[in-house]
There are 4 protein chains.
Amino acid sequence: MIAILKPGATEEQISHLSQWLQRMNLKVHLSEGQDVTVMSLIGDTSRVDMELLGSLDIVERVQRVSEPYKQANRKFHPRDSIIDCGGVRIGGGYFAMIAGPCSIETEEQIIGVAQAVKESGADILRGGAFKPRTSPYAFQGLGADGLKLLLKAKEATGMPIVTELMNINHLDLFADVDVIQIGARNMQNFDLLKEIGRTNKPILLKRGLANSLQELLMSAEYIMSEGNENVILCERGIRTFETATRNTLDLSAVSQLHEMTHLPVVVDPSHATGKSALVPSMACAAVACGADGIMIEVHNNPAKALCDGAQSLTPAQFDTVSRRVHKIREAVR
Amino acid sequence: MIAILKPGATEEQISHLSQWLQRMNLKVHLSEGQDVTVMSLIGDTSRVDMELLGSLDIVERVQRVSEPYKQANRKFHPRDSIIDCGGVRIGGGYFAMIAGPCSIETEEQIIGVAQAVKESGADILRGGAFKPRTSPYAFQGLGADGLKLLLKAKEATGMPIVTELMNINHLDLFADVDVIQIGARNMQNFDLLKEIGRTNKPILLKRGLANSLQELLMSAEYIMSEGNENVILCERGIRTFETATRNTLDLSAVSQLHEMTHLPVVVDPSHATGKSALVPSMACAAVACGADGIMIEVHNNPAKALCDGAQSLTPAQFDTVSRRVHKIREAVR
Amino acid sequence: MIAILKPGATEEQISHLSQWLQRMNLKVHLSEGQDVTVMSLIGDTSRVDMELLGSLDIVERVQRVSEPYKQANRKFHPRDSIIDCGGVRIGGGYFAMIAGPCSIETEEQIIGVAQAVKESGADILRGGAFKPRTSPYAFQGLGADGLKLLLKAKEATGMPIVTELMNINHLDLFADVDVIQIGARNMQNFDLLKEIGRTNKPILLKRGLANSLQELLMSAEYIMSEGNENVILCERGIRTFETATRNTLDLSAVSQLHEMTHLPVVVDPSHATGKSALVPSMACAAVACGADGIMIEVHNNPAKALCDGAQSLTPAQFDTVSRRVHKIREAVR
Amino acid sequence: MIAILKPGATEEQISHLSQWLQRMNLKVHLSEGQDVTVMSLIGDTSRVDMELLGSLDIVERVQRVSEPYKQANRKFHPRDSIIDCGGVRIGGGYFAMIAGPCSIETEEQIIGVAQAVKESGADILRGGAFKPRTSPYAFQGLGADGLKLLLKAKEATGMPIVTELMNINHLDLFADVDVIQIGARNMQNFDLLKEIGRTNKPILLKRGLANSLQELLMSAEYIMSEGNENVILCERGIRTFETATRNTLDLSAVSQLHEMTHLPVVVDPSHATGKSALVPSMACAAVACGADGIMIEVHNNPAKALCDGAQSLTPAQFDTVSRRVHKIREAVR
């Protein structure tokens, strides 16, 4: 951590600050320039409050030089993490295709889609039971009944399942769910993160619409610091000024995260673009830049889907995407 | 609601779509141009799924022409709402000054700050007991113990209090809290919104860092649709590309919200800017453009505050701001 | 174009507005709902001033339903445009690899890089002579002398060349340049766009850092409306809140633009990410999602490059990228 | 400037880098921590290429600790600059009201508006002759003829005038213009900035839609480094995800710029919001937070304005705003 001191700081003030920092077991180095004096803090600065330090009279600005995330940091854990999701592995060279409908509607629908996507090469089944919706008047998912239907589809096809948890009090219902999804809007619901950190289930953690990659890793850190290291990160588009697509899919996040962390990174092109016509090309792009998995919405009758129909593929379209994705996987190896 | 149809749509397809919409009790008008045909849907479209409609083969795009929020909409409720916060009114010409420390630390601290800000004209005391922090390693607030200290300060000064609720299971602890704050990160924690919608307490709803004004009103709608109409909106800065300030305070949101809704709008310049030096001028600007209240962080020893010290004013600085704010209130009347 | 009228609009006002619009050769259809009346304008609305219409007393909001770009619009020109760049074709299935240094420095450097990238499969040579730099104190390029060195490299290798034009008065110097690049900062330098619209040279038009895809097409329209239809669009990253990468590469723009326009779309991963470590994966992703070309910075000694060294590849790295790109091209065909 | 070195850097590499930097007349201090080594560069680092340094093998990241702007920097010029605009002073306690139509249309119009706004207290007349428009099909201003009409209005009223220069070749036409405006889209048209830097006219430099405050100051620096120190900065809204207003007016930029620079800061609420209903409140807010001037669009018949009518006030509305603004000026003194 670096503190840039204000031009007028007196020697006494600087020495006072140094002593205070040294009492926190930090070493302090000073580099005095003409216009600016820089104080370097050496040691474990992860607990130093940057804003507090920055608020002191003689301090102009504070900058971190080491990352505030520890357990998620590739520097301290150079090898890729491989997460076991009910028998399907993700990360460290293992690639998984996650597919299924936005919302679970009927037994026939979820089992039908599950069988279709499995045949086309999907590894994990997704389906929403509890749905976060901007409007209180929109369909909110089948809830606990939806979960039961999803478990039936798991039984019928043998596929592991992933579905979203929104409420800390619903955790018991997720006992047989293989992967718990935390949605973009809950990426900083810290109490929820701590709670799932106390389970040992794989967590699919989606990046918030306006959250930086560092914040995403800090949220992973919340889960990991409670003991659960099975975190899979998911890029699903960020909010920008562009309105032609629903969000802006940030694919450079995949490579950038691979440099920052050992955790696997999955891409969700369906929610990012909000348009089924763009999903196949974005799925291909995600694979080409090294994503450890992709997550695609598939519906057996997109025109009648109760939510997010505009971004779902038909099983036939998914089959085509799946073939292309595997060809690209081979090309980039 | 308007559906713009694709150039190649056949008469049969259009008639089919019209019938489907009419079965949803909507009237359908067609305007056929050279390049484009526009279908207007008339009636209660708040339950029509725009994305579903937009996903149909013959539909190019769907646009809302009426707002999806109803109870928060000024069109259906032209008079300003006035919210009673433990005896202090906000909205409809009533202005309130909310002040207090970021985090509650000790009994001495919270009572000391409360007395100081009351003397300088503050109407409501704020103080954080449960703190949402990006890092799991940062101070997370005193929790339930902090709430008790805040209640002591309420008793000692007679000021109503506002504090943040992060966890649906903590609601019982808030029985004697006058105003429940929902933080920016929880603006779309829909289960939490529904839960507090079933209370009758005033809710201070903060705008999310990347949420549009319409989304803010949809979140207010979640609370109101459960029966609780006591919602106060709070602008606290949005996330943009600019890094000179922590966030970008969107003051035009104040006037724009006043056009869209009858709910009062409060501004929090402390969190928006993250710099105490900018708080006084932004507080003055907020009042000048018609905010129904301002919320300011005050600490008796900012340099030692456990969190967000950089953005807190001293009681003396707050006193100066308070005087200026009142002068401007008179000037803009 | 759709005008949404305010609830209180009288019949007389509406009839008055209708007549005014009809005098502009537009047909007017009215759809009256309970809360809202929608006026559809049919005919050539490209010259109607939306903001003027929106400013009228009885108008609440105006929305376009057809696109304001005509010559760039795929609807009126369904087949892909193929642009001939000094013998190299881009678009309509033709793919081009553009490579070269950020800045031209010496004859030896530019010819050396040109030969290297040609050997690795590059089709067009890039190199900056006039450099837009944020700081007046930074190296601004060799200018006219740099152009001469670039022309020598063209002669030595037979490769067509692309370089940036910043100043309307430099156009004469570009007589032997094959493709004129318009940088992101000049995307809305309208006088410059009109001027190059009067040449018949291929134009590589880079998207501005905060410009929507529609605005990019409107800038293409400026060039095309002056007679020059040889426009190649270039996605090079947009400005968002994320700071881990220099900009956010918006790859969904490639597919989205392919739906909106017949013009070819090229991707520049070097400027978008600002980090050489991310360039290979983003180049692969661009090809996988259908880009008509990629543009990559290559320097024979990146550690000594006078500008933007951090984002340049070595010739050896470029060679590896080139091979991968061609494998992916085959996989996605 | 600070260079953070990678964990694996050898002593030899570090010593090699130190020597290279010392040859650039910089002193080098090293602070070695467990995970990270920090190299502080002391001396004139304004010419060091951060990206080049950052691209070196052993360097992880480079951070500036002193600002790259010098002449605009308040640190080296603590007193407020006061700019004389044809007899009207701006900055250092002097406040100016700039008003007039978006586009100059007729002699009658511009003189009429000029007289009206002068009577209501405006100090400087604005009016557009050359108009930057997103669409090539929209009205582009009267050009040189418009300038002549504006000069007539100057003569008729005695008011200094400000108008936008878009094209480097039009500079001669601006001989009698008091203040040259550089529009948001040209904030980084560096050749244009250098050219006006060689005049001694006051420059009203508008912030680009996606430009940081530091970039705004770097553009001011371009003008100042050529010898012209008469720069007035103008905040006119930035581009964000919010669509309820045309742009997001960043009023905290006013106070933040006042800390960073000695140059005056003017606010343009008309272009920022794009809605006349929001202009009065944003004008009041701008004054309350210390803006050195405001710039407001006024049209004698907004409903018929050829461009940007939606954001113009009538003279009567301007008169009301002007009174309120002066009251607030007194309140905040």
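Fair warning: this is a prediction, and the values are worked out from it, not measured in the lab.

Cut-offs used in this document
- Residues numbered from 1 in each chain as written.
- Chains lettered and ligands numbered in written order.
- Predicted model: local features only at pLDDT ≥ 70, side-chain atom pairs only at ≥ 80, totals over all residues.
- Heavy atoms only, no water.
- Helix = DSSP H or I, 4+ residues; strand = E, 2+ residues; numbered from the N terminus.
- Buried < 20%, exposed > 50% of the residue type's maximum accessible area, 1.4 Å probe, protein only.
- Contact = heavy atoms within 4.5 Å.
- Areas by Shrake-Rupley, 256 points an atom, 1.4 Å probe, with all protein chains shown as cover.
- Axes fitted to C-alpha atoms, helices over the stretch in contact; angles between N-to-C directions.
- Parallel < 35°, antiparallel > 145°, perpendicular 65-115°, else oblique.
- Polar contact = N/O pair within 3.5 Å; in protein donor to acceptor, adjacent residues only side chain to side chain.
- Pairing = 2+ DSSP bridges.
- Right-handed = clockwise from strand over helix to strand, strands pointing away.
- Least-squares fit on C-alpha atoms with pLDDT ≥ 70 in both.
- Phe/Tyr/Trp six-rings, centres within 6.5 Å; stacked < 30°, edge-to-face > 60°.
- Salt bridge = Lys/Arg side-chain N within 4 Å of Asp/Glu carboxyl O.
- Nonpolar A, V, L, I, M, F, W, Y, C, P; charged D, E, K, R; others polar.
- Expected span 1.5 Å × (residues − 1).
- Arc of directions from axis to C-beta.

## Considerations on the overall build of chain A
Then, number 1: A count of helices and strands for chain A gives 10 helices and 14 strands.
Then, number 2: Considering only C-alpha atoms, chain A reaches an extent of 75 × 45 × 40 Å along its principal axes.
Then, number 3: Residues classed as buried in chain A amount to 65% of the 333 residues present.
Then, number 4: The contacts of chain A with a sequence gap of at least 6 include a subset with a gap of at least 24, amounting to 67%.
Then, number 5: When the accessible surface of chain A is summed, it comes to about 11,700 Å², and 46% of that surface belongs to carbon and sulfur atoms.

## As for the packing of helix α5 (residues 190-197) of chain C against helix α6 (residues 213-224) of chain C
All names here are of chain C.
Then, number 1: With their axes 7 Å apart at the nearest point, α5 and α6 run at an angle of 45° to one another. Taken as axis vectors, α5 and α6 run oblique relative to one another. Together, Phe 190, Leu 193, Lys 194, Ile 196 and Gly 197 of α5 and Ser 219, Tyr 222 and Ile 223 of α6 make up the contact between the two elements.

## A closer look at the side chain of B:Thr240
Then, number 1: Its place among the elements puts B:Thr240 in the loop between β12 (231-235) and α7 (252-260).
Then, number 2: With relative accessibility at 10%, the residue B:Thr240 sits in the buried group.
Then, number 3: A polar atom in the side chain of B:Thr240 sits 2.8 Å from the side chain of B:Thr248.
Then, number 4: For B:Thr240, the residues in contact, after removing those within four places along its chain, are B:Thr248, C:Phe241, D:Ile238 and D:Thr240.

## Points about the sheet that holds strand β4 (residues 59-63) of chain B
Residues and elements named next belong to chain B.
Then, number 1: Ordered in space as β2-β3-β1-β4, the four strands form an open sheet in which the pairing is antiparallel. Looking at the sheet topology across the chains shown, the edges are occupied by β2 (27-32) and β4. Neighbour-to-neighbour, the strand axes of the sheet open up by a mean angle of 20°, direction not taken into account.
Then, number 2: Of the pairings in the sheet, the one linking strand β1 (residues 2-5) to β4 comprises four bridges and is antiparallel in character.

## A look at the pairing of strand β11 (residues 203-206) of chain B
Residues and elements named next belong to chain B.
Then, number 1: By the alternation rule, side chains of β11 split into Ile 203 and Leu 205 and Leu 204 and Lys 206, which are all buried.
Then, number 2: Where strand β10 (residues 179-182) meets β11, three bridges bridge the pair, whose relative direction is parallel. Its bridge partner being in β11, Ile 180 is matched across the sheet by Ile 203.
Then, number 3: Taken together, β10, helix α5 (residues 190-197) and β11 constitute a β-α-β crossover, and its handedness is right-handed.
Then, number 4: Relative to β12, β11 is paired through four bridges, and the arrangement is parallel.

## Remarks on the relation of the copies chain D and chain A
Then, number 1: Superposing chain D onto chain A takes a rotation of 180° combined with a translation of 0.0 Å along the rotation axis, leaving an RMSD of 0.1 Å. With respect to symmetry, the two chain copies, as superposed, fit the operation of a two-fold axis. The rotation axis passes nearest to the C-alpha of D:Phe241 in chain D, at a distance of 2.2 Å.
Then, number 2: Mapped onto chain A, 100% of the interface residues of chain D are again interface residues, and the two copies thus contact each other with one and the same surface.

## Observations concerning the environment of B:Ser252
Then, number 1: With respect to the secondary-structure elements, B:Ser252 resides in helix α7.
Then, number 2: Note: C-alpha distance between B:Ser252 and B:Ile238 (14 residues apart in sequence) is 12 Å.
Then, number 3: Apart from residues no more than four positions distant in its own chain, B:Ser252 is found in contact with D:Thr245, D:Leu249, D:Thr273, D:Leu278 and D:Met282.

## Remarks on the sheet that holds strand β13 (residues 265-267) of chain C
Residue and element names in this part refer to chain C.
Then, number 1: Spatial strand order, β7-β8-β9-β10-β11-β12-β13-β14: eight strands in a closed barrel with parallel pairing. The mean angle between the axes of side-by-side strands here comes to 25°, regardless of whether they run parallel or antiparallel.
Then, number 2: Bridge count for β13 against strand β14 (residues 293-297) is two bridges, and the pairing is parallel. Within β14, the position partnered with Val 266 by the bridge is Gly 293.
Then, number 3: In the packing of helix α3 (residues 107-119) onto the sheet, contacts are made with β7 (96-100) and β8 (124-126), and the angle to β8 comes to roughly 145°.

## Describing the packing of aromatic side chains
Residues and elements named next belong to chain A.
Then, number 1: Tallied over the full model, the rule gives eight aromatic pairs over all chains.
Then, number 2: Centre to centre, the rings of Phe 130 and Phe 174 are 6.3 Å apart; their planes meet at 25°, and the pair counts as stacked. Of the two residues, Phe 130 is situated in the loop between β8 (124-126) and α4 (144-157) and Phe 174 in the loop between β9 (161-164) and β10 (179-182); the sequence distance between them amounts to 44 residues.

## Structural notes on the interface of chain D and chain A
Then, number 1: Of the residues lining the interface, 27 residues belong to chain D; the matching set on chain A comes to 27 residues.
Then, number 2: Between the two partners, chain D and chain A, sit two salt bridges.
Then, number 3: With its nearest N and O atoms 3.2 Å apart, the salt bridge here joins A:Glu60 to D:Lys75.
Then, number 4: Mapped by element, the contributors of at least two residues to the side of chain D that touches chain A are β1 (2-5), β2 (27-32), β3 (37-42) and β4 (59-63) of chain D.
Then, number 5: Across the side of chain D that touches chain A, the residue classes tally to 10 nonpolar, nine polar and eight charged.

## Remarks on helix α7 (residues 252-260) of chain C
Then, number 1: Within α7(C), seven of the nine residues are buried, which leaves the element mostly enclosed by the surrounding structure.
Then, number 2: Regarding α7(C), the residues found buried are C:Ser252, C:Ala253, C:Val254, C:Ser255, C:Gln256, C:Leu257 and C:Met260.
Then, number 3: Looking at the packing, one finds that the buried side of α7(C) touches α8 (269-273) and α9 (279-288) of chain A together with α6, β12 (231-235) and β13 of chain C.

## Here's the deal with the pairing of strand β14 (residues 293-297) of chain D
Residue and element names in this part refer to chain D.
Then, number 1: The buried fraction of β14 is high, at five of five residues.
Then, number 2: Burial of β14 is two-sided: the residues Gly 293, Met 295 and Glu 297 facing one way and the residues Ile 294 and Ile 296 facing the other way are all buried.
Then, number 3: Pairing analysis gives five bridges linking strand β7 (residues 96-100) to β14, with the strands arranged parallel. Bridging from a neighbouring strand, Gly 100 pairs with Glu 297 of β14.

## Quick look at the pattern of salt bridges
Then, number 1: Following the criterion strictly, the structure yields 60 salt bridges over all chains and no others.
Then, number 2: Among the ionic pairs, A:Glu215 bridges to B:Arg239, the shortest N-O distance being 2.7 Å. Residue A:Glu215 is located in helix α6 (residues 213-225), and its partner B:Arg239 is located in the loop between β12 and α7; the two belong to separate chains. No difference in accessibility class separates A:Glu215 from B:Arg239, as the two residues are buried.

## Considering helix α1 (residues 11-22) of chain B
Residue and element names in this part refer to chain B.
Then, number 1: For α1, which comprises 12 residues, the first-to-last C-alpha distance of 16 Å matches the rise-based estimate of 16 Å (1.5 Å per residue) to within 8%.
Then, number 2: If you check which residues of α1 are buried, you get Ile 14, Leu 17, Ser 18 and Leu 21. Projection of α1 onto a plane perpendicular to its axis shows the buried side chains occupying an angular sector of 105°, all on one side. With respect to the buried face of α1, the exposed residues turned more than 90 degrees away are Glu 12 and His 16.

Interpretation in functional terms is not warranted from these geometric data alone.
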